[in-house]
Each structure stands twice: as structure tokens, then as C-alpha cells.
Amino acid sequence: IYVGLGCHMQGLHRAIEQVKALAGKEIFKIGLFCARVLTYPAADYLLRCAGIKTEQVKGFDYRHKEPKGWPGHIRVVTRDNQVRIVSRNRRLYAGWLFTPIACRLCIDKLNILSDISVGDPYGVAKAPQVPTAVLVRSQVGQELLEKAQRADKVTLVQAGPEKIIQSQGIRGRMNMSLAYAQEMRRRGYEVPAYLAKLRQGSEKRPRSRLGVRLAVGFSLFSSTEKGAKLIRNIPSWLPVLWGIPRRVFKFGLSTMGIMVKSAARLCR
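How each quantity is defined
Residues numbered from 1 in each chain as written. Predicted model: local features only at pLDDT ≥ 70, side-chain atom pairs only at ≥ 80, totals over all residues. Heavy atoms only, no water. Core = buried A, V, L, I, M, F, W, Y, C linked by side-chain atoms within 4.5 Å. Buried < 20%, exposed > 50% of the residue type's maximum accessible area, 1.4 Å probe, protein only. Helix = DSSP H or I, 4+ residues; strand = E, 2+ residues; numbered from the N terminus. Contact = heavy atoms within 4.5 Å. Pairing = 2+ DSSP bridges. Axes fitted to C-alpha atoms, helices over the stretch in contact; angles between N-to-C directions. Expected span 1.5 Å × (residues − 1). Parallel < 35°, antiparallel > 145°, perpendicular 65-115°, else oblique. Left-handed = near helix turned anticlockwise from the far one by under 90°. Nonpolar A, V, L, I, M, F, W, Y, C, P; charged D, E, K, R; others polar.

Would you mind showing me how to read the nonpolar core here?
As a rule of thumb, soluble globular proteins bury nonpolar side chains together. Within the largest apolar cluster, 20 residues are counted, with the highest numbers of intra-cluster contacts made by F33, I101, L105, Y180, M184, L195 and V216. For this core, the elements supplying multiple residues, two or more each, are α4 (101-105), β7 (133-136), α7 (170-186) and α9 (209-222). When residues in this core are grouped by element, the largest group, 7 residues, is from α7. Leave out the neighbours within four places in its chain, and L195 touches L105, I107, S177, L178, A181 and R185.

Encoded structure:
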């Protein structure tokens, strides 16, 4: 059994093609949904948010479900067993700064090369403790899942792949990857061939060309030795600035909703 992200599955398939010892092996592939991984300096940044030095760390979880449940917050455990919880918003805001360029160009969020792919049930369920969204991609995957159900190892509820795919924002991700690929070409870099095939069927591009250039430029810079050293020392408050426009927008929507409801009550 092989469990991995989309890029791990691509590596496995390449290995099966080239390594004779793997030819004919029966490998069951469980793929994980993946929006991105974060570079190593992201962990240093989140430790600074927790007020803990690297040498003090005993355990580190990016998405711990306690005490607030799904989708999980950052939990850091020190060597003297103190526990610090850092809001997942810190991780989300830091994503813009700590995303590798390979992740910006990747469109395989739902792990298309796996037998079954599993991940967050956005758009399907919403609660502190939620089930896992599952997409069955092969006959082998279907048979194993049904066998697990008969053995009472899992409970299955039909959800519909369209709902899962839509809630994961796949079309928007493709458009962003195409925009990043265009910027990489402008800088003289090669990009994955599948992006060239997608180009003809793409929808409208993201509006902010400046944002795309900044994102690509920062990812390339942070992948260098000098860049990695510099971003390790980014102040803990800086990435939070990226979340301010989103918070203002949400606040405006909620305020508008309250005003509309109040006006409706007065009209009655």
C-alpha cells in the first residue's frame, strides 16, 4: 500500500516504468488531496508565532484536531510537555510566502493517479468532527472500499463527485497554475508539459498580474540558500497582513447581512 500526495504518485508511476523490480508488483495507491506543501522555513515561522525555540520542540502538528476539531490548528509540544496552540489562520496567511514554485504549477489537487483519493470534505460536511471525502478512481479502489465496508471498517455515504470537485475549487486552481506558468516562461524557465495542453481550454485568467509576478518571484527567491535564510527571520506579524483584506471583506458582508435583516423586520 502506497500513500502519498499527487507529486508522490507521479514519482511512483515513473519508478514503476523504470525500475524492473517494481514491474508487475501489486500496489494499492491511496492519494491525499493537496493544495500545497510549505517550505521548511514555514515551521520556523509558526514556532515564532507560538513563542517557542526550535531546540525546545518535542512535537509539531500542522493540523491537530484538538481542542477545536476539524480542520485543525497548529499544535506545538515542548520538551517539558507544555502545549501551545497556534490558529490555523497563521498557517493560511503564511501559505503565500512559503509555497514552493512546484506547488504553484501543480494542478493535481485531487490525486488523479491514485486508486482512491481522500481529503477534506469541504462542501460535503461541516462540523467539528467530520467524515473524509473519498473519490474512487479504479476498479481495485472500488473493490477494496466495498470490502472495508462489509467488514465494518468504514461507513460510506454517497456524496457525488461533482460536489467534491466543485468545493475544492479545481477550475480556479488550474487558472492560477496557468498564470504562474506564463510568468515562469516570461522569466525563461521551462514548465510542465501538461500546462501547455490545458492552455487552450482555460477560462479567464486571474486579474492581478502583479500578484502573480510577486508570488512567482518570491517562491523562486525563497528556494535559494540566501532567500531561505532571510525568510526564516520574517516577523511573525507580517504574513497576517495578507489576511486583512479578506477579514475586512467578510466583516463588510456580515454587516450588510445584518442591515438587510433589520430592514426586512422593519418592513414587516
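Help me out: how do you make sense of the sheet that holds strand β3 (residues 57-64) in this one?
Strands pair in a sheet through their backbones, by hydrogen bonds, and they do so in one of two ways: parallel or antiparallel. Judged by pairing direction, the sheet is antiparallel, and its 3 strands sit side by side in the order β3-β4-β5 without closing on themselves. The open sheet is flanked by β3 and β5 (83-86), the only strands paired with a single partner. On average, each strand axis in the sheet is tilted by 15 degrees relative to the strand beside it, whichever way the strands run. One ladder, built from 5 bridges, connects β3 with strand β4 (residues 73-78); its direction is antiparallel. Bridge pairing links F60 to V76 in β4. In the packing of helix α2 (residues 40-50) onto the sheet, contacts are made with β3, β4 and β5, and the angle to β3 comes to roughly 100 degrees.

Help me understand helix α1 (residues 6-18) in this model?
Along an α-helix, residues three or four positions apart point the same way, because every turn accommodates 3.6 residues. Given a rise of 1.5 Å per residue, 13 residues ought to cover 18 Å, and the 19 Å separating the end C-alpha atoms of α1 matches this to within 8%. Looking at the buried side of α1, the elements it contacts are β1 (2-4) and β2 (29-32).

Sorry, what's going on with the packing of α7 against α9 here?
Think of two packed helices as two axes; the pair is described by the angle between the axes and how far apart they sit. Contact pair α7 / α9: the axes reach a minimum separation of 10 Å and the direction vectors enclose 65 degrees. Between α7 and α9, the interaxial angle falls into the category roughly perpendicular. Note that α7 runs across α9; the crossing there is right-handed. Only V212, R213, A215, V216 and L220 of α9 make contact with α7, whose side of the interface consists of M176, A179, Y180, E183, M184 and R186. Residue composition of the contact of α7 with α9, by class: 8 nonpolar, no polar and 3 charged.

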